[in-house]
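Listed here are the chains, written in short residue letters.
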Amino acid sequence: MSDFVRCLVGMFAVIAPFGALATVTAGRVRAGALPHAGVGDLTRRLWVRSPAAAFVVLAVIALLNEPLLDWLKISPESFQFAASAAMAPLAVRLILAGDLMPAPDRPLPSYAWFAPFAVPMLAGPSSIIAAVSYAARFGEIEAILATATVCALTAALFVLSDRFEKVPLVVVQTAARLSGGLLVLIAVELAVDGVRSV
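Here's what I pulled together on the structure shown here. (Residues numbered from 1 in each chain as written. Predicted model: local features only at pLDDT ≥ 70, side-chain atom pairs only at ≥ 80, totals over all residues. Heavy atoms only, no water.)

## Points about the overall build of the protein
The line we're drawing: Each helix is a run of DSSP H or I of at least 4 residues and each strand a run of E of at least 2, with the numbering of both proceeding from the N terminus. With a 1.4 Å probe rolled over the protein chains alone, any residue whose accessible area is under 20% of its type maximum counts as buried; one over 50% counts as exposed, and the rest are partly exposed. Residue-level accessible areas treat just the shown protein chains as cover; the underlying method is Shrake-Rupley with a 1.4 Å probe.
When helices and strands are counted, the protein shows 11 helices and 0 strands. Element order for the protein, N to C, with α for helix and β for strand: α-α-α-α-α-α-α-α-α-α-α. Relative to its 198 residues, the protein shows a buried fraction of 45%. Carbon and sulfur atoms make up 70% of the accessible area of the protein, which totals about 9,100 Å².

## Section: the side chain of T147
Rules: Here a polar contact is taken to be a pair of N or O atoms separated by no more than 3.5 Å, where protein atoms must pair a possible hydrogen donor with a possible acceptor and residues adjacent in sequence count only if both atoms sit in side chains. Note on contacts: a residue pair qualifies if any of its non-hydrogen atoms lie within 4.5 Å across the two residues.
In this structure, T147 sits in helix α9 (residues 140–159). From its side chain, T147 meets the backbone oxygen of A143 in a polar contact 2.8 Å long. Contact partners of T147, with chain neighbours within four places excluded, come to M11, I15, F55 and L58.

## Observations regarding the packing of helix α8 (residues 125–138) against helix α11 (residues 169–197)
What counts, and what does not: Helix axes are fitted only over the stretch in contact, all axes being lines through C-alpha atoms; the angle between N-to-C directions runs from 0 to 180 degrees. By definition in this entry, angles of less than 35 degrees are roughly parallel, angles greater than 145 are roughly antiparallel, angles of 65 to 115 are roughly perpendicular, and the rest are oblique. What makes a crossing left-handed is the near helix being turned counterclockwise from the far one by less than a right angle; a clockwise turn instead makes it right-handed. Residue polarity is assigned by list, with Asp, Glu, Lys and Arg as charged and Ala, Val, Leu, Ile, Met, Phe, Trp, Tyr, Cys and Pro as nonpolar; anything else, Gly included, falls into the polar class.
In contact at an axis separation of 13 Å, α8 and α11 are set at 50° when each is read in the N-to-C sense. Taken together, the axis directions place α8 and α11 in an arrangement best described as oblique. Note that α8 runs across α11; the crossing there is left-handed. Residues S133, Y134 and R137 of α8 form the contact with α11, whose participating residues are I186, E189, L190 and D193. By residue class, the composition of the contact of α8 with α11 is 3 nonpolar, 1 polar and 3 charged.

## A word on a nonpolar patch on the surface
Defined as follows: What makes a patch is a set of residues exposed beyond 30% relative accessible area and free of salt bridges, joined within 9 Å when like-charged and within 5 Å when nonpolar (Val, Leu, Ile, Met, Phe, Trp, Tyr). Note on definitions: salt bridges are taken to be side-chain nitrogens of Lys or Arg within 4 Å of carboxyl oxygens of Asp or Glu.
A contiguous nonpolar surface patch, about 490 Å² in accessible area, is contributed by V92, I95, L96, V184, V188 and V192. The set of elements that each furnish at least two residues to the nonpolar patch consists of α6 (88–97) and α11. If you trace the backbone, L96 turns up in helix α6.

## What to know about the packing of helix α1 (residues 3–15) against α8
As a packed pair, α1 and α8 sit with axes 9 Å apart at the nearest point and diverge in direction by 170°. By the criterion of interaxial angle, the relationship of α1 to α8 is roughly antiparallel. Residues D3, R6, C7, G10, M11, V14 and I15 of α1 form the contact with α8, whose own contacting residues are S126, S127, A130, A131, Y134, R137 and F138. Residue classes in the contact of α1 with α8 are distributed as 8 nonpolar, 3 polar and 3 charged.

## Observations regarding the nonpolar core
Worth spelling out the cut-off: We call a set of buried Ala, Val, Leu, Ile, Met, Phe, Trp, Tyr and Cys residues a nonpolar core when their side-chain atoms join them within 4.5 Å.
Among the nonpolar cores identified, the biggest contains 41 residues, and M11, I15, L100, M121, L122, Y134 and L183 are the most heavily contacted of them. At the level of secondary structure, the elements contributing two or more residues to this core comprise α1, α2 (17–29), α3 (40–63), α6, α7 (117–122), α8, α9 and α11. Excluding its chain neighbours within four sequence positions, the residues that come into contact with L100 are I15, A16, G19, A20, T23, L90, R93, L94, M121 and L122. Within the second largest apolar cluster, 5 residues are counted, among which are F79, A83, I129 and V132.

## Re the environment of A54
Here A54 shows up in helix α3. In this structure the C-alpha to C-alpha distance between A54 and A123, which are 69 residues apart in sequence, comes to 5.1 Å. With residues up to four places along the chain from it excluded, the contact list for A54 reads A118, L122, A123 and C151.

Here you go:
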C-alpha cells in the first residue's frame, strides 16, 4: 500500500466524514438546530467553510510537524505510539454513539461553521495528532493531500446531507461506527509500528 493511501485511510478514520454527517443529520432532526441545505447563510458557511477551515488547520499542523516535535522534544516514533492512545476516545465515541459529537439541540450562532464544526469536530485532537504523525512518517505532501481528499469528501457529504434525511439515521451511524472500528485498527498499527521503531 502506498504512503498516500495509508495517509488517506488514516485521515478518513480520524476525520470520520460519516460521523460528522451523523451529527449534522441528527442536528437537523432535533429542534431545527441546523437549517436544510441551501437555506440561509449559516448553512452555506457550515457546509463549505467547516471542511475548508478544518483542512487549513490540519495542513498547517502537518507542515509544522518537525518544529512541533522538536519543540516538544519528542521523537516521531514516540509521538506515533502516543498518538495511538490519543485516538482511543474518538474511536469509542464513533463505535458507541455513531457520531463525532452530540448533535446541537438549539439554533447555532453565526460562527458555528468554525466552532464547533470545523474545530473540534473535524479538526479535533485525534485529527491534529494524526496530521503530525502522518506528516512525520510519510511526508507533508502525502499527509496534506490525504487531508484535502477527506475534507473534500466531508464537504460533499454536507452539501448532499438533505438527501441523507431520507436514509434512516441508523444507516449513517453504522457507517460512522465502521469508521470507529477502522480507527481502532489504525491506532493499534500506529502503536505497534511506534514500538518497533523505538
